[in-house]
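Overview (structure and organization)
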Amino acid sequence: QWLQDNTAGSGPYRVTEYVLNNRVVLERFADYHKGWDGSQFDQILIRVVPENATRRQLIENGDADALTFSLTPEDVAALQGNPDLQVLTYDTTNVTWVTMNAPRLKTPEVRQGFSYAFPYQQVVNGAYKGLLTRTSGPIPSTVRGYDPEGFVYQTDLAKAKELILSGGFAEGDSFEYMFESEDEVEAVVAQLFQANVAEMGFQLELTELDGATLNQLEYGDLPAEERPHFFGSWNWWPDYNDPWNMLAPNFLEASTGEGGANAGYWVNERFEEIMAEAETYTDEEQLVALMKEAQNILTEQDLPAIYYGQLQWYTILRKDIQGYHHNPLYLGSYPYYEMSRTS
């Protein structure tokens with residue numbers, strides 16, 4: 001409660017103003033132990049700008065100096081050729097997926113079917129404009145334990161339909177898909193998926209919810225039968241370079257229900273055993289072997305999600321800003337002390 005209205009921290013800058021959903025102002029801390037050489041900024045203004053078009057206008061017009069992962073892929077492509085801007089793209093630890101409601105989708109075969117039904121290349125090239133790299137499951141290629149030879153789905157509607165029907169569903173059946181209304185890219189993804197599902201003779205009903213409502217539903221205590229078949233707009237990155245930290249919040253049985261991110265109520269006994277062993281591993285080779293099996297369960301055998309891939313993030317800077325470098329774990333952060341403006 002105290003931290004909602006106060007700050008507690010250290011570093012080169014201190015918070016001097018905070019207006020909820022509007023702005024944060026940082027100013028130099030004069031006694032910072034590394035000192036100041038005069039090139040660093042005296043003040044940093046962080047603005048909250050909800051509208052995508054306004055964010056683009058601010059960076060193009062020079063009324064803002066930097067933004068990270070807060071435009072559409074179309075905007076990023078359009079700005080690549082702007083001589084007044086630097087457009088930096090880079091690998092991240094952020095993987096995105098569609099969470100599947102395991103109890104309502106009945107069998108692993110049905111979930112495999114919907115994974116074969118997903119329009120991967122259309123999503124990569126059309127929705128994300130190449131700012132997405134296919135990966136074998138939920139562990140990013142930039143995190144230890146990733147299996148570069150893991151199973152990766154490709155779109156196959158005939159195989160998809162056969163697997164879905166094998167699980168007891170019939171042509172004409174309808175499935176619910178919920179996603180975040182503010183996410184323009186996810187809207188395109190949902191519509192592309194809907195078209196493939198319709199081509200197989202099923203229906204995918206799309207429901208858009210604001211981010212807060214969607215999170216409340218995903219992290220809430222509603223039983224599986226009262227949740228949709230699919231949650232879109234889901235992405236995750238770990239707190240540190242460890243695959244257990246990436247998988248545990250999303251797929252362990254303990255993460256189902258109130259406060260957990262296992263929104264699809266997926267449970268696999270062998271996966272639970274692997275994760276219990278991996279939590280306290282002492283040998284890197286042991287971890288790699290455990291994660292190889294875990295990823296195979298999460299993709300080919302008994303998948304809980306449809307994995308798009310690993311996101312390419314971007315930072316757009318005015319051409320006179322120097323000293324920026326991205327942080328692969330603390331995505332969206334800026335090394336303010338190292339940044340400056342060229343004269």
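Each value, and the rule that gives it
- Residues numbered from 1 in each chain as written.
- Predicted model: local features only at pLDDT ≥ 70, side-chain atom pairs only at ≥ 80, totals over all residues.
- Heavy atoms only, no water.
- Core = buried A, V, L, I, M, F, W, Y, C linked by side-chain atoms within 4.5 Å.
- Buried < 20%, exposed > 50% of the residue type's maximum accessible area, 1.4 Å probe, protein only.
- Helix = DSSP H or I, 4+ residues; strand = E, 2+ residues; numbered from the N terminus.
- Contact = heavy atoms within 4.5 Å.
- Pairing = 2+ DSSP bridges.
- Right-handed = clockwise from strand over helix to strand, strands pointing away.
- pLDDT = per-residue confidence, 0-100.
- Axes fitted to C-alpha atoms, helices over the stretch in contact; angles between N-to-C directions.
- Left-handed = near helix turned anticlockwise from the far one by under 90°.
- Nonpolar A, V, L, I, M, F, W, Y, C, P; charged D, E, K, R; others polar.
- 1 Å grid on protein atoms, 1.4 Å probe; cavity = no way out; pocket = protein on both sides within 12 Å on 5 of 7 lines; lining within 4 Å.
- Points joined across faces, edges and corners; volume = space filled by probe spheres on them.
- Patch = residues over 30% accessible without salt bridge, like charges linked within 9 Å, V, L, I, M, F, W, Y side chains within 5 Å.
- Areas by Shrake-Rupley, 256 points an atom, 1.4 Å probe, with all protein chains shown as cover.
- Salt bridge = Lys/Arg side-chain N within 4 Å of Asp/Glu carboxyl O.
- Phe/Tyr/Trp six-rings, centres within 6.5 Å; stacked < 30°, edge-to-face > 60°.

In this structure, F114, Y177, F193 and F230 are the most contacted members of the largest nonpolar core, which totals 49 residues. Among the elements that line this core, the one with the most residues is helix α6 (residues 184-199), at seven residues. When sequence neighbours within four positions are dropped, the list of residues in contact with Y177 reads V98, E186, V189, A190, F193, L204, E205, L206, T207, F230, G232 and Y308. In this structure, W236, W244, A261 and I297 belong to the second largest nonpolar core, which totals 28 residues.

Examined bridge by bridge, strand β7 (residues 174-180) and strand β8 (residues 203-209) share seven bridges and lie parallel to one another. The residue of β8 that forms the bridge with S174 is Q203. Once the chain exits β7 it traverses α6 before rejoining the sheet at β8, and the crossover so formed is right-handed. Two elements, β7 and strand β9 (residues 230-236), share two bridges in a ladder whose sense is parallel. For Y177, the partnering residue across the bridge sits in β9 and is F230.

Moving on: unusual backbone geometry. Although it is not a glycine, N21 adopts a positive phi angle of roughly 60°. Tracing the backbone through its elements, the reader meets N21 in the loop between β1 (13-19) and β2 (23-28). Its identity is not glycine, yet S233 carries a phi of approximately 60°, on the positive side. Secondary-structure assignment places S233 in strand β9.

Taken residue by residue, the protein gives an average pLDDT of 95. The fraction at 70 or more is 100%. Per-element averaging of pLDDT across the protein places helix α7 (residues 211-218) at the bottom with 92 and helix α3 (residues 108-117) at the top with 98.

Here three strands make up an open sheet; going across it, the order is β1-β2-β3 and the pairing antiparallel. Across the chains shown, the open sheet's two edge strands, defined by having one partner strand only, are β1 and β3 (43-47). This sheet shows a mean twist of 20° between the axes of neighbouring strands, independent of strand direction. Here β2 runs beside β3; their pairing, made up of five bridges, is antiparallel. When the bridges of β3 are listed, V24 appears paired with I46.

Relative to each other, helix α8 (residues 243-251) and helix α10 (residues 284-301) sit at 35°, their axes nearing to 11 Å. Handedness of the α8/α10 crossing: left-handed. Contact residues: α8 offers P243, L247 and F251, while α10 offers L287, M291, A294 and L298. Residue composition of the contact of α8 with α10, grouped by class: seven nonpolar, no polar and no charged.

All right, on to the layout of surface pockets then. Of the voids in this model, the second largest pocket is the one considered here, and its volume is about 220 Å³. Looking at the second largest pocket, it is lined by 14 residues, and the ones nearest its centre are P12, Y334, P335, Y336 and Y337. Classifying every residue of the lining of the second largest pocket gives eight nonpolar, five polar and one charged.

This part is about a nonpolar patch on the surface. Judged by side-chain polarity, V15, Y18 and L20 come together as a nonpolar surface patch covering roughly 300 Å² of accessible area. For Y18, the position within the fold is in strand β1.

What follows is about the packing of aromatic side chains. Here a ring pair, both rings aromatic, is described through the centre-centre distance and the interplanar angle of the planes. Going through the model one piece at a time under the given rule, you end up with 31 aromatic pairs. A ring pair is formed by F175 and F202, whose centres lie 6.0 Å apart and whose planes are at 75°; its orientation type is edge-to-face. In this pair, F175 sits in strand β7 while F202 sits in the loop between α6 and β8, placing the two residues 27 residues apart along the sequence. Judged by relative accessible area, which is 3%, F202 ranks as buried.

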